[in-house]
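Here is how the chains run, residue by residue.
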Amino acid sequence: MLKINNVSKTYLKNQKEALKNINLNITKGEFTALLGQNGAGKTTLINILAGNVKKTHGEVKIGGYDLEKQELETKKIIGIVPQEISYDPAFTVEELLKKQSGYFGLKNNNEYIDELLESLALKDKKKAYGRELSGGMKRRLLIVKALVHKPEILILDEPTAGVDIELRHTMYEFLRKLHKSGMTIILTTHYIEEAEKLCKRVIVINNGSIIADEPKDKLLKDFSKEIKVEIDFDWEVNIADFEFLSEYHPKIKDKRKVSLKIDKNDLTKILEMIMQKNMKFVDLNIEKQKLEDVYLQLIRR
Ligand SMILES: Nc1ncnc2c1ncn2[C@@H]1O[C@H](COP(=O)(O)OP(=O)(O)OP(=O)(O)O)[C@@H](O)[C@H]1O
């Protein structure tokens, strides 16, 4: 569905190499997160796909069409939700969406537009001017705008930045529904829990290069060897009591708890060591790795 081969981008103005030899293959129906720190190169990649930035090297194929040689065809296949507000605020929502439909030669899609506005809680704003919308409404309007021509791939560049939690959840539901209906989705976000909740595949860009590209579950599994364990005792514990576990960095919490960082394969051994010392524990809590922890480990490597 989307093939990116050896794509590089150096901005002429400052000679910044924003993308270094990127290779990606996204198949139909995938829901992929594109993560990376500020300045990693995510927007550059999205802008290349949108046709707003020219790549320096490489090849991009969208639905089998070449991005530069068959621009019109590729534009029909993708819908892009940009990071920046990208419409004329002097038009009403309805006018903006009609204008957008016009670019694709679509005329009788009012019903579909109403459906989209309804799904994103914007139906009562049809007659409002773009400039009259709140920040969150503007972001949702960008999603509707990207979808009027029923693209097969939806690419969202930080769609939930500045959107309140409740509306963020409305967006999540909407994106899930789109994904279920077969849409291929690429989501750039700074909210890692968002990627964890929605996406199946995670791509991490760092300094213009892809440093991870894995199914989310595999990434979490590979990085989840080290776990944090909290053990509760029914008596007040002392750090000196745990010297025999010093290699696991014991820390006392709330007087009756000790927390340890361990390799999960060592858990049984450690519990046995504690029992051999006749230290009776009453509870045990294991904290699993979150995608955020994995992400931080990856970009710090
Ligand atoms: N038009 C431009 N001219 C020159 N340099 C640019 C231009 N756009 C981006 N850059 C540089 O390219 C690098 C990648 O920027 P990009 O906007 O792609 O990052 P990003 O991952 O989208 O960051 P963010 O999360 O902050 O949006 C940065 O060093 C940035 O300063």
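Just so it is clear, the model here is predicted, and its values are computed rather than measured.

Conventions we followed
- Residues numbered from 1 in each chain as written.
- Predicted model: local features only at pLDDT ≥ 70, side-chain atom pairs only at ≥ 80, totals over all residues.
- Heavy atoms only, no water.
- Helix = DSSP H or I, 4+ residues; strand = E, 2+ residues; numbered from the N terminus.
- Rg over C-alpha atoms; globule rule 2.2 N^0.38 Å.
- Areas by Shrake-Rupley, 256 points an atom, 1.4 Å probe, with all protein chains shown as cover.
- Buried < 20%, exposed > 50% of the residue type's maximum accessible area, 1.4 Å probe, protein only.
- Pairing = 2+ DSSP bridges.
- Core = buried A, V, L, I, M, F, W, Y, C linked by side-chain atoms within 4.5 Å.
- Contact = heavy atoms within 4.5 Å.
- Domains from an automatic or database assignment.
- Near = heavy atom within 4 Å.
- Polar contact = N/O pair within 3.5 Å; in protein donor to acceptor, adjacent residues only side chain to side chain.
- Axes fitted to C-alpha atoms, helices over the stretch in contact; angles between N-to-C directions.
- Parallel < 35°, antiparallel > 145°, perpendicular 65-115°, else oblique.
- Left-handed = near helix turned anticlockwise from the far one by under 90°.
- Arc of directions from axis to C-beta.
- Phe/Tyr/Trp six-rings, centres within 6.5 Å; stacked < 30°, edge-to-face > 60°.
- Lys NZ or Arg CZ within 6 Å of the ring centre and 35° of its normal.

Some thoughts on the overall build of the protein chain
Of regular secondary structure, the protein chain possesses 10 helices and 14 strands. Here the C-alpha radius of gyration of the protein chain, 24 Å, is well above what a compact globule of 301 residues would show, namely 19 Å. The dimensions of the protein chain, computed from C-alpha atoms along their principal axes, are 80 × 45 × 35 Å. Accessible surface, the protein chain: about 16,200 Å² in total, of which carbon and sulfur atoms supply 47%.

Some words on the pairing of strand 3 (residues 31–35)
Taking burial as the measure, the five residues of strand 3 include five buried ones, the bulk of the element. Judged by which residues are buried, strand 3 turns out to be covered on both faces: F31, A33 and L35 on one side and T32 and L34 on the other are all buried. Pairing of strand 3 with strand 8 (residues 184–188) involves four bridges; the strand directions are parallel. What sits directly across from T32, in strand 8, is I186.

What to know about the nonpolar core
Core analysis: the biggest nonpolar cluster contains 49 residues, and L147 and L154 have the highest contact counts within it. Here the element with the most residues in this core is helix 5 (residues 135–147); it accounts for seven residues. Discounting residues that sit within four places of it in the chain, L147 has contacts with Y112, L116, L154, F174, L178 and M183.

Observations concerning the domain arrangement of the protein chain
Structurally, the protein chain comprises domain 1 (2–221) and domain 2 (225–289). For domain 1 versus domain 2, the distance between C-alpha centres works out to 45 Å.

Focus on the site of the ligand
Every one of the 15 residues lining the ligand counts as a neighbour, but N38, G39, K42, T43 and T44 are closest to it. Contact between the ligand and K42: an oxygen atom at 2.7 Å from a side-chain N or O atom of the residue. T43 places a side-chain nitrogen or oxygen 2.6 Å from an oxygen atom of the ligand. Starting from 640 Å² of accessible surface for the ligand in isolation, the protein chains cover 69%. If you list the elements that add at least two residues to the shell around the ligand, you get strand 2 (16–26) and helix 1 (42–50). Counting residues per element, the shell around the ligand draws most heavily on helix 1, which supplies three residues.

Observations concerning the packing of helix 3 (residues 93–103) against helix 4 (residues 110–119)
Relative to each other, helix 3 and helix 4 sit at 125°, their axes nearing to 11 Å. Viewed along their axes, helix 3 and helix 4 adopt a mutual orientation that is oblique. In this structure, the crossing between helix 3 and helix 4 has a hand that is right-handed. Judged by residue contacts, V93, L97, K98 and S101 of helix 3 engage N110, I113 and L117 from helix 4.

Structural notes on the sheet that holds strand 12 (residues 251–253)
Spatial ordering of the open sheet is given by 12-13-11-14, a layout of four strands whose pairing is antiparallel. What marks the edges here is a single partner per strand, and that holds for strand 12 and strand 14 (281–287). Shown here is a sheet whose adjacent strand axes are inclined to one another by a mean of 30°, direction ignored. For strand 11 (residues 226–233) and strand 14, the ladder comprises six bridges, and the chain directions are antiparallel. Along strand 14, the bridge assignment pairs I231 with L284.

Description of the environment of R256
With respect to the helices and strands, the residue R256 is situated in the loop between strand 12 and strand 13 (257–263). Sequence spacing of R256 and A240 is 16 residues, and the spatial spacing of their C-alpha atoms is 13 Å. With near-sequence residues (within four places) excluded, R256 lies in contact with I231, D232, F233, D234, W235, E236 and V237. Among the polar contacts made by the side chain of R256, one reaches the main-chain carbonyl oxygen of D234 at a distance of 3.0 Å.

Considering helix 9 (residues 267–276)
All buried positions along helix 9 are accounted for by L267, I270, L271 and I274. Seen along its axis, helix 9 keeps its buried residues to an arc of 100°; they face one direction. Exposed residues pointing more than 90 degrees away from the buried face of helix 9 are listed as T268 and Q276. In the core, the buried residues of helix 9 are packed alongside strand 11, strand 13 and strand 14.

Digging into the packing of aromatic side chains
All chains considered together, the criterion is met by three aromatic pairs. For the pair F242 and F244, a centre-to-centre distance of 6.5 Å together with 20° between the ring planes defines the contact as stacked. Owing to a relative accessible area of 22%, F244 belongs among the partly exposed residues under this scheme. Taken together, the aromatic side chains of F233, W235, F242 and F244 make up a single cluster linked through ring pairs. Between K277 and the ring centre of F244, over which it is positioned, the NZ or CZ distance is 4.8 Å.

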